[in-house]
Structure formats: C-alpha cells, structure tokens
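Spelled out, the chains give:
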Amino acid sequence: MGEFREADMAIMLGTMNGESLVSMKMENTTLAFPLDLLVKFFFMEYETLEKYVVKHLYEPGDVVLEIGAGSGAVTVEILKTGADVYAVEPIKKYFDILRHVVLLNGFDAHFANVAVGPREGRAKFYIPNMEYGASLLQTDDMDALHEVEVDVVSISDILQVTKANAVHIDAEGAEVILLQAMDLSLVNKVSMEVHPRLIGTESYDEIIHPMLEDAGLHFVVEAGMSANYPTHNYAVGYRRES
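Residues numbered from 1 in each chain as written. Predicted model: local features only at pLDDT ≥ 70, side-chain atom pairs only at ≥ 80, totals over all residues. Heavy atoms only, no water.

**Q** Account for unusual backbone geometry, naming residues and giving values.
**A** Despite not being glycine, K163 shows a phi value in the positive range, around 55°. Relative to the elements of secondary structure, K163 occurs in the loop between α5 (155-162) and β11 (166-169). On the accessibility criterion, K163 (66% relative accessible area) is exposed. A positive phi is found at E172, a non-glycine position, where the angle reads about 50°. Mapped onto the fold, E172 is located in the loop between β11 and α6 (175-181). (Helix = DSSP H or I, 4+ residues; strand = E, 2+ residues; numbered from the N terminus. Buried < 20%, exposed > 50% of the residue type's maximum accessible area, 1.4 Å probe, protein only.)

Structure, rendered in structure tokens:
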C-alpha cells in the first residue's frame, strides 16, 4: 500500500496496487473508495434534482439570477438551455471553481463573489464541516466548522442591476427570507432547492407555494418530492403564464 497524506480534515489520499484511493474517516469508521468511482458517483448524483428542474424550466431569452451557484453544476445546466446567467457565489474557493467549470464547458456567464440577502451590508456566513451547504442562516443542527464575513447585496438591488427575469435559489435554508424580500412581479420564473430540514417540513406548503401562486407564478415542475421522505431536499420550478 502506498503512502497516504492528509488532504483535509479526516480525508486521506493514496494508492493501492497502482490505483488511486480516497480514505475518509466518518465517526469511528474509516472507509476507502477508488477515486475514479467516487468522482463518477459524485458527478452522477450531484445536484441531480436541481438540474432536472432547470432543464425543464428555462429557455433562450431567460435571464437567470442564480443565487448560491456553488461549483457550477447547475449553472452549466441552465446555460445549456440557452438562458443567460448571473451566477452569485459568496465562498471564494467555490467562486473560483464556478468560473473555471463554466469556461471548461465552453460557456460564459456573469459572476459575482458576494452573498444575496434581504438587505445590503456584511454578514456572517456559516460553513459546515462538510464545507458545502454554507448559509447565511445557522440552524440548531448545523455543526459549523467556521464562520466567515461576506459582502451581501440585497436581492432587490441585484434584480434591478442584472435585469433578471428569472431566479434560481440554492440558499441552504434562506430561500424563504429571500422570496419574502423579493418583488416577485419582476420575474417570470422561479426555481429553487427546498430544504425542509432547515426551514421546516410545512414551510413549502404554508409559505413558499402560496406566496408564489399569489404572485401569479404557477407550479410547473418538481423533482424529489416525497411524502415518504418529508425532510429530504427537493427542487421545484414556477412559471408566470403569459
């Protein structure tokens, strides 16, 4: 077995019989996986629900403000529809990856390394141990690895500046406060990942869905909704009928 070196926290990289391995310690158990298998699984499963929704919602002529673009998987899927994208990501590491991934796939987009919130200013951003899923909100069950301060632009200001007519939100539990701060009359389409574990299992039915319907935006597509798994994330898309 080859030498392992510590890469990050409890993750180790190494080789065995010439094959690259990733070894990860989770609680009291250490598991090892072939690197190529782990990468294939990650790309097959990563943001699958959101990618399905945006693929069936957006089209040429849409100008999409993407809040929480992460490493660009959903950004690229939106760009494939022919829509124009303003991709916003506050964490510098993922912002750099986002731009690289978009260009690597032969696309271009507008990028901003900021957070989007109800109002402009500076705010704490909470980054959990697994590093993805960072949020402006800290919930009781979030084991925050660390906090960083980020620049925040208000959602009303960025909608006016970008002239976006659609919004995609992956804000890790901040989707409700963002929708409540928006002038929904400015957009014709809204899509988002819903996080029931963070916002409460009833928040979609009692807050998000009625709010969008009252604004003239009608439910058209979903992925991952399940009464059997009410705390699992899912994605939804809404459209204003012309």
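**Q** Lay out the layout of surface pockets with the relevant residues and their values.
**A** Roughly 210 Å³ of volume is contained in the second largest pocket. Together, 15 residues line the second largest pocket, and T201, D205, S226, P230 and Y234 are the ones closest to its centre. At the level of secondary structure, the elements contributing two or more residues to the lining of the second largest pocket comprise α7 (196-199) and α8 (203-214). Considering only residue class, the lining of the second largest pocket consists of 9 nonpolar, 4 polar and 2 charged. (1 Å grid on protein atoms, 1.4 Å probe; cavity = no way out; pocket = protein on both sides within 12 Å on 5 of 7 lines; lining within 4 Å. Points joined across faces, edges and corners; volume = space filled by probe spheres on them. Nonpolar A, V, L, I, M, F, W, Y, C, P; charged D, E, K, R; others polar.)

**Q** Requested: an account of the nonpolar core, with residues and values cited.
**A** With 32 residues, the main nonpolar core has L179, L184, M192 and L212 as its most contacted residues. Among the elements of the structure, β5 (63-67), α5, β11, α6, β12 (189-194), α8 and β14 (234-240) are those that each provide at least two residues to this core. With 4 residues, the top contributor of residues to this core is α8. Not counting the four nearest positions on each side in its chain, M192 is found in contact with H168, I169, E175, L179, I208, L212, Y234, A235 and V236. Judged by nonpolar contacts, the second largest core, of 18 residues, contains Y58, V76, A83 and L98. (Core = buried A, V, L, I, M, F, W, Y, C linked by side-chain atoms within 4.5 Å. Contact = heavy atoms within 4.5 Å.)

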